[in-house]
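# Structural overview for review
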Amino acid sequence: MIEISAIRKTFGDLVAVDDLTLNLDAGQIFGFIGPNGAGKSTTMKILACLLRADAGTARVDGMDTRFEGDRIRRIIGYMPDFLGVYHDLTVDEYLHFFAAAYGLPRKKRRATVDGVLELTDLTAKRTAMVDSLSRGMQQRLGVARVLVHDPKVLLLDEPASGLDPRARIEMRELLTELGRMGKTLIVSSHILSELAEMSTSIGIIEKGKLLFAGSIDDAYARIGRGHRILVTIETEGGADLQAAAAAIARDERIAGASATDTGLDVTLAPGHTSHHTVVELLLARELRIASFTPQAPRLEDAFITLTKGELQ
Amino acid sequence: MTAALRRLATLPRRLLVNPILARELRVAGRRRSTYITRAGFALLLAFGIVFVLLTMTRSSGWGGDSVVYRAQELTRTVQFLTFALLWIGFACLALLGPVLTAGSICDERRARTLDTLATTPITPLQIVVGKLTARMQEAVTLALIAAPALLALRVFGGVPGETILAFVAVALATIYLGAALGIWFSSWHRGSAGATVYAFLTLGLLTVGPTIIAAVARTQNYFNAAALGIPQEWLAWIFNAGFLACPPVVLVIEMSGAQPPGGFGGVTAWLAHRRWLLTTLWLVLQATAVVLIAARSVRVQLTKAEEGGAVKPAQAGRESKRLAKLRGTPVYWRESTAAVFPKRWHMFVVLGVLAAFLGWAYAEIGMDEGSFHQLIGFSGLALLTLLAAVSTTGAIASEREARTWEVLLTVPLSGWHILASKIAAALRRLILPGALFMLHFIVAAAMGHVVAHDVLLIPVVVLPVMLFYLASGLFFSLAFKKIITAVACNIILLITLWIGVLVMAIVVMQVAFDGFGTGEDIVGTALFIYHPVAMLAGLIEHAIDAGAGARFTQYQLANESVSLPVFAIALGAQAGFHLLGAALFLKLSLSLFRARGGRAS
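If you're wondering where the values come from, they're calculated on a predicted model, not measured in any experiment.

Okay, the overall build of chain A next. Per the secondary structure count, chain A includes eleven helices and 14 strands. Its C-alpha atoms give chain A principal-axis dimensions of roughly 75 × 45 × 30 Å. At a minimum sequence separation of 6, the contacts of chain A that also span at least 24 residues come to 66%.

Given below as structure tokens:
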């Protein structure tokens, strides 16, 4: 659905996007991660036909963004990081305006607008003036706007920024649902845990370079970060946690182990996912397990490692 | 009490030494437009000097042998040069006031920095005074640009020092009032283009209004001095005070050196001889009142609670009607249905004032007065052109400032569709004032004071001119990021085409052909056909004469009397010129949209 091939974009001396290549299939939710000014928004703007790449090609549904802007605009929905809204319109009028702009027949507009209002839970606010909405509501309205013409591709730049926790969860569920509906989404966000939960793949970009693109598991494998388990040990019997950690760390299936105040912090070697290994090793040393807490891998770790490790 | 006095004593320092002023001055120093304005002003003054020198040397015999005669000529030239500089300076500064400040609060609101300011201990008065002082500093800088030339001219005598002082004081006071009005309208108007128009109109009302009222009251003998128990000359002086509200009028009086009436003594006599000082004080007083009102308005903006929730049922009803008009041209729909006035009662106030003024004018002057139709014709054309000149200047720039432009560019509407819709909607919004303007002549035609077929020709003059400035405004809106820059450029274009071209023509004729000579008629006729004000005046003049039953049925084209077909051809040429210009600006806008509009393809 999206094919980006070696695109480059500069603004004066600043290289905003540098030799970026990316391919996404239909139905994928692609989480775009990077520090501020990394080139996420520029890439999205190139896909939205708002900027022309200096080199390379970007295609949306097989259409070249340099030459087929009019056709591409009909199948994409772009939501910029700062949502500009027409202050003199109501929510209903705002959506009707864009429905008309996308050329929806008059008879269909009402039903479409009703549908997206319901989907974004804005039905109760349909007669409110746009500038009277809270930031979170305006973000939802932004999502509603990009859905009025039922686009195949959604480019959402920081859609969850400024939302409260409940609204963030609702937004995440909405985007997941859109992914299930077969739409291709590119979503940038600074809230990495949320991206990890809804994305089918991620891309990490820094200083215009795409450092990584693939599944989240691939990202963990790339940074060599295995599954981590926190174990609490009953120490009434005088168990030597330092010695136990050192012994366990020697096993080839274990990447590392260290003693904590109450037990051990064990990380499995990359490629090893069976927690049973840890249990086996602990029982072999006759340690009594009080609790066993597998730690979910964190996207932040991948982000920090990849961005710092390669360019900074 | 002591605390209150202390607060009062420190008020100037608190107002003038504040971070807003410091920031404004710093930002103005970084802005390219600041230096462009200064350079443009200096160029204009230089042009004025060259123009006067050329005109004077060509028209007078400087080459004469008599030393006395040459000395007299020198004095006369110096006098003309000084007055030319003073008038150019005054006109530019007076026009600059509202433009300088009309965006000041709008921009803060749009950038959402006004909310941030609300969280600081800075008071609304400090905000207003800070912004105003920074702009006044720029005005003083501009005034100082003319100072070296004026001082140099003083060496050769010519104009008394007090006259120069009068011009500078009145100009600065006018700019103070204009800037204060600009900031006030900026505080409650959403866009700087609208704030500029309101500020200009109010400035006109405050300065020209009392003069008109005084003139009419005087000619119609509204007041009887004996009945009021005051000397007749005092009453005359009171009427004169009405004239003093208008800065250009008082400057003309100052130039003429007219003596005030007698009957005064002491301080009043001293003041009566310094009418410019009274005008300056009056302007400063009004401006200070406007500053206080503006500060209150900013306070309301800062403390205004978020308006939430649903709209009122009445609005909901209107809204569904509004939506019913949305067909296949969404940009036109949005622009044309946008409220012209921020609040509904503002519209009623404006219409009420207009109706009262016109009602009074109709009752007092009457439809049979020819000059009244000329006045309405000129005012209407000027107002409609000014409105057209600012209507589209915010069309693109405001979308950019509100960051809706990027979103609009992602919809599959073509550049042509967006631009044409913007112009069409702006024209649609001007239908009401245009219709009111035409209504006067239609009523006059129905009453038999003017001829109907001439009335039908009035839109042929007005509409193309409006389209021209709508298109040029759109072009400037695309070319510049800031609305206020686009507004300033379009108004400068208007002044250049209406006044600058005439001046240039005179200079060219003087330089190239040693005066008009034999080409005078040709150039004069060409300029007449070119200028919409002249053509409209010619048309209305004929309409009045023919309406009055005069046998004279020829139209005046400069010094020529021509038949209707010839006049119609001239009218067509002028309309064609403006329509061609509009098409050119639209084409340029489209090219600019493609090149820099923000779309890759």
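Residue and element names in this part refer to chain A. Pairing geometry for strand S1 (residues 2-11) and strand S4 (residues 55-60), over five bridges, is antiparallel. When the bridges of S4 are listed, Glu 3 appears paired with Arg 59. Across seven bridges, S1 lies against strand S2 (residues 14-24) in antiparallel orientation. Across the sheet, Ile 4 pairs through a bridge with Leu 22, a residue of S2. Counting the residues in the hairpin turn of S1 and S2 gives two residues, including Gly 12, whose phi is positive at 65 degrees.

What follows is about the domain arrangement of chain B. Residues and elements named next belong to chain B. Split into domains, chain B comes out as domain 1 (2-303) and domain 2 (328-596). In this complex, domain 1 contributes 19 residues to the contact, which on the side of domain 2 involves 21 residues. Of all the secondary-structure elements, those providing two or more residues to the side of domain 1 that touches domain 2 are helix H3 (32-59) and helix H10 (192-219). Of the residues that constitute the side of domain 1 that touches domain 2, the class distribution is eight nonpolar, eight polar and three charged.

Turning to the interface of chain A and chain B, a few remarks are in order. At the junction of the two partners, chain A supplies 36 residues and chain B supplies 31 residues. Of all elements in the fold, only helix H2 (69-75), strand S6 (76-79) and helix H3 (91-101) of chain A reach the threshold of two or more residues within the side of chain A that touches chain B. In terms of residues, the side of chain A that touches chain B owes the most to one element, H3(A), which gives six residues. Across the side of chain A that touches chain B, the residue classes break down as 19 nonpolar, eight polar and nine charged.

Before going further, it helps to examine the environment of B:Gly415. Residues and elements named next belong to chain B. Considering the arrangement of structural elements, one finds Gly 415 in helix H22 (residues 415-429). Take Gly 415: there are 17 C-beta atoms within 10 Å of it, and that puts it in the partly exposed class. As for Gly 415 and Ala 338, which are separated by 77 residues in sequence, their C-alpha atoms are 21 Å apart.

On to the domain arrangement of chain A. For an interface, size is often stated in terms of accessible area lost upon the parts coming together. Domains assigned within chain A are domain 1 (2-221) and domain 2 (226-296). With centres defined by C-alpha atoms, the gap from domain 1 of chain A to domain 2 of chain A works out at 43 Å.

For the rest of this paragraph, the subject is the pairing of strand S13 (residues 263-268) of chain A. All names here are of chain A. Counting buried positions over the six residues of S13 gives five, a clear majority of the element. When strand S11 (residues 228-233) meets S13, the two strands line up antiparallel, connected through five bridges. Residue pairing for S13: Val 231 is matched across the bridge by Leu 264. In the sheet, strand S12 (residues 254-259) pairs with S13 via five bridges, with the strands oriented antiparallel. Opposite Ile 254, over in S13, you have Leu 268 as the bridge partner. Between S12 and the antiparallel strand that follows it, S13, lie three residues.

Moving on, we come to the sheet that holds strand S8 (residues 184-188) of chain A. Residue and element names in this part refer to chain A. Ordered by their spatial adjacency, six strands build an open sheet running S6-S7-S8-S3-S9-S10, and the pairing between neighbours is mixed. In this open sheet, the two edge strands, each paired with only one partner strand, are S6 and strand S10 (209-214). Averaged over all adjacent pairs, the angle separating strand axes in this sheet is 15 degrees, with direction ignored. Alignment of S6 against strand S7 (residues 153-157), held across four bridges, turns out to be parallel. If you follow Gly 77 over to S7, its bridge partner there is Leu 154. Where helix H1 (residues 40-47) meets the sheet, its contacts fall on strand S3 (29-33), S6, S7, S8 and strand S9 (201-206), and the angle it forms with S7 comes to roughly 150 degrees. In the packing of helix H6 (residues 165-180) onto the sheet, the strands contacted are S3, S7 and S8, and the crossing angle to S8 comes to about 150 degrees.

On to the nonpolar core. Nonpolar side chains in soluble globular proteins tend to be buried together. Among the nonpolar cores identified, the biggest contains 224 residues, and A:Tyr94, A:Leu155, B:Leu93, B:Ala171, B:Tyr176, B:Ala180 and B:Ala471 are the most heavily contacted of them. For B:Ala471, the contacting residues outside a window of four places in its chain are B:Ile423, B:Ala582, B:Phe585 and B:Leu586. The next biggest cluster of nonpolar side chains, apart from the first, holds 14 residues, and it includes A:Ala244, A:Leu281, A:Leu282 and A:Leu287.

The phi angle of most residues is negative, glycine excepted, and most peptide bonds adopt the trans form. Residues and elements named next belong to chain A. The backbone of Ala 6 sits at a positive phi, close to 50 degrees, despite the residue not being glycine. Within the secondary structure, Ala 6 sits in strand S1. The residue Glu 158 is not glycine, and still its phi comes out positive at about 50 degrees. Inspection of the secondary structure assignment puts Glu 158 in the loop between S7 and H6. Judged by C-beta crowding, with 20 C-beta atoms within 10 Å, Glu 158 ranks as buried.

Attention now goes to the sheet that holds S1(A). With antiparallel pairing, four strands are arranged side by side in an open sheet as S2-S1-S4-S5 (chain A). Of all the strands in the sheet, just S2 and strand S5 (63-64) of chain A have a single pairing partner and so form its edges.

All names here are of chain B. Over its 16 residues, helix H27 (residues 532-547) runs 22 Å from end to end, which matches the ideal 22 Å to within 8%, given 1.5 Å per residue. Taken across its 16 residues, H27 has twelve buried, putting it largely inside the fold. Every buried residue of H27 is listed here: Pro 532, Ala 534, Met 535, Leu 536, Gly 538, Leu 539, Ile 540, His 542, Ala 543, Ile 544, Asp 545 and Gly 547.

Positionally, A:Ser188 belongs in strand S8. It is 8.3 Å that separates the C-alpha atoms of A:Ser188 and A:Phe30, two residues lying 158 residues apart in sequence.

This brings us to helix H23 (residues 431-446) of chain B. Residue and element names in this part refer to chain B. The terminal C-alpha atoms of H23, which comprises 16 residues, lie 21 Å apart, in line with the 22 Å expected from a rise of 1.5 Å per residue. Where H23 is concerned, the buried positions are Gly 434, Phe 437, Phe 441 and Ala 444. One or two positions beyond H23, positive phi appears at Gly 448, with a value near 85 degrees.

We now examine the environment of B:Leu165. Residues and elements named next belong to chain B. Locating Leu 165 in the fold gives a position in helix H9 (residues 161-188). Judged by the 15 C-beta atoms lying within 10 Å of it, Leu 165 is partly exposed. Along the backbone, Leu 165 and Leu 277 are 112 residues apart, and their C-alpha atoms lie at a distance of 9.7 Å.

About the thresholds
- Residues numbered from 1 in each chain as written.
- Chains lettered and ligands numbered in written order.
- Predicted model: local features only at pLDDT ≥ 70, side-chain atom pairs only at ≥ 80, totals over all residues.
- Helix = DSSP H or I, 4+ residues; strand = E, 2+ residues; numbered from the N terminus.
- Contact = placed C-beta atoms within 7 Å.
- Pairing = 2+ DSSP bridges.
- Domains from an automatic or database assignment.
- Nonpolar A, V, L, I, M, F, W, Y, C, P; charged D, E, K, R; others polar.
- Buried ≥ 20, exposed ≤ 12 C-beta atoms within 10 Å, placed from the backbone.
- Axes fitted to C-alpha atoms, helices over the stretch in contact; angles between N-to-C directions.
- Core = buried A, V, L, I, M, F, W, Y, C linked by C-beta atoms within 7 Å.
- Expected span 1.5 Å × (residues − 1).

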